[in-house]
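Coordinates in review
The primary structure of each chain is shown beneath.
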Amino acid sequence: MPGIILATVFVTFPFIARELIPLMQAQGNEEEQAAIVLGATGWQTFWHVTLPNIKWGLIYGVILCNARAMGEFGAVSVVSGHIRGQTNTMPLHVEVLYNEYQSVAAFAVASLLALLALVTLVIKSVVEWRHERELKAAAELPPENPNARLAPAVS
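Residues numbered from 1 in each chain as written. Predicted model: local features only at pLDDT ≥ 70, side-chain atom pairs only at ≥ 80, totals over all residues. Heavy atoms only, no water.

**Structural notes on a nonpolar patch on the surface**
Keep this limit in mind: Each patch is built from residues that are more than 30% exposed by relative accessible area and take part in no salt bridge. Like charges join if they lie within 9 Å; nonpolar side chains (Val, Leu, Ile, Met, Phe, Trp, Tyr) join within 5 Å. Method for areas: the Shrake-Rupley scheme with a 1.4 Å probe, in which residue coverage is limited to the protein chains shown. Here, a salt bridge means any Lys or Arg side-chain nitrogen found within 4 Å of an Asp or Glu carboxyl oxygen. Numbering of helices and strands runs from the N terminus; a helix is a DSSP stretch of H or I covering at least four residues, while a strand is a stretch of E covering at least two. The cut-offs for exposure are 20% and 50% of the maximum accessible area for each residue type, with area from a 1.4 Å probe on protein chains only; residues under the lower value are buried, those over the upper are exposed, and the others partly exposed.
Together, Leu112, Leu115, Leu116, Leu118, Val119, Leu121 and Ile123 give the surface a local cluster of nonpolar side chains, amounting to about 600 Å² of exposed area. Turning to its location among the elements, Ile123 is positioned in helix 6 (residues 103-140). We classify Ile123 as partly exposed; its relative accessible area is 42%.

Set out below in C-alpha cells:
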C-alpha cells in the first residue's frame, strides 16, 4: 500500500506544482518579507500571507491532482502486485474484471469512475466560478487612498 501511495504522489503532485510555481513567481515575495520584518514567524507568514495568496491555485492544483489520481493506472499497476482487496485500485479492478470476462461488473466500476470524474468537473467549475466572483468583487472595490487618512479634515 505505501508503494501505491508513493507512486501516485510521484505521478500526480506535479499538477499542483504546475499551478503554484508560476503563481508564486508572479506574485513575488515582497509581502512575505514585509511580514517577517514586522515580526511574524515563518508559520504565521505562511498561514496569513502566503496561503491566502495562493489559495485558488492550490485548490485548482489539488482538483487536478485528484482527477489524475483517480484514474492512475500505469504507475500503480507496476507497484501494486494486483492483490485483490489490498492493493487493487478502481482502474486496476476494471482491468481485472474485464480480463476475467465479467464485463457487466467492469462496466459498473468504470461507470462509477466516470461518475467520480463528473463530480470532479462540477467541483472544478464551482471553484472557478467562486474565484471569478471573488475577482469581480475585488475589482469593484474603490482603490484605497493612503493620503486620505493623513490629510486633516476640512470643514
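**Side note on the packing of aromatic side chains**
Geometry of an aromatic ring pair is reported as the spacing of the ring centres plus the angle between the planes. What counts, and what does not: Note on ring pairs: Phe, Tyr and Trp rings are taken, using the six-membered ring of Trp, and paired if centres are within 6.5 Å. Classes follow the plane angle, with under 30 degrees stacked, over 60 edge-to-face and the rest tilted.
According to the stated counting rule, one finds two aromatic pairs in the structure shown. Plain terms: the ring middles of Phe46 and Trp47 are 5.4 Å apart, the flat faces sit at 80° to each other, and that makes the pair edge-to-face. Taken together, Trp43, Phe46 and Trp47 form an aromatic cluster joined through their ring pairs.

**Some points on the packing of helix 2 (residues 30-37) against helix 3 (residues 42-71)**
To keep things clear, this is the line we draw: Only the stretch in contact is used when a helix axis is fitted, and all axes are lines through C-alpha atoms; the angle between N-to-C directions ranges over 0 to 180 degrees. Small angles under 35 degrees read as roughly parallel and large ones over 145 as roughly antiparallel, with 65 to 115 read as roughly perpendicular and the rest as oblique. Should the near helix be turned counterclockwise from the far one by less than a right angle, the crossing is left-handed, whereas a clockwise turn marks it as right-handed. Contacts are residue-level and defined by heavy atoms, with any inter-residue pair within 4.5 Å sufficient. Each residue gets one of three labels, nonpolar for Ala, Val, Leu, Ile, Met, Phe, Trp, Tyr, Cys and Pro, charged for Asp, Glu, Lys and Arg, and polar for the others, Gly among them.
Across the interface, helix 2 lies against helix 3 with an axial gap of 10 Å and an inter-helix angle of 165°. By the angle class used here, helix 2 and helix 3 are roughly antiparallel. For the pair helix 2 and helix 3, the sense of crossing is right-handed. On helix 3, the residues that touch Glu31, Glu32, Ala35 and Ile36 of helix 2 are Thr45, Val49, Thr50 and Asn53. Residues belonging to the contact of helix 2 with helix 3 are distributed by class as follows: three nonpolar, three polar and two charged.

**A word on the pattern of salt bridges**
Applying the stated criterion across every chain yields a total of two salt bridges. A salt bridge links Glu134 to Lys55; the nearest nitrogen and oxygen atoms lie 3.7 Å apart. Here the residue Glu134 occupies a position in helix 6, and Lys55 occupies one in helix 3, the gap between them amounting to 79 residues. For Glu134, a relative accessible area of 38% corresponds to the partly exposed category. A salt bridge links Glu128 to Lys124; the shortest N-O distance between them is 3.1 Å. With Glu128 and Lys124 both in helix 6 and four residues apart, this pair spans about one turn of that helix. On the basis of relative accessible area, Glu128 is assigned to the partly exposed category, the value being 33%.

Purely geometric numbers; function is a separate question.
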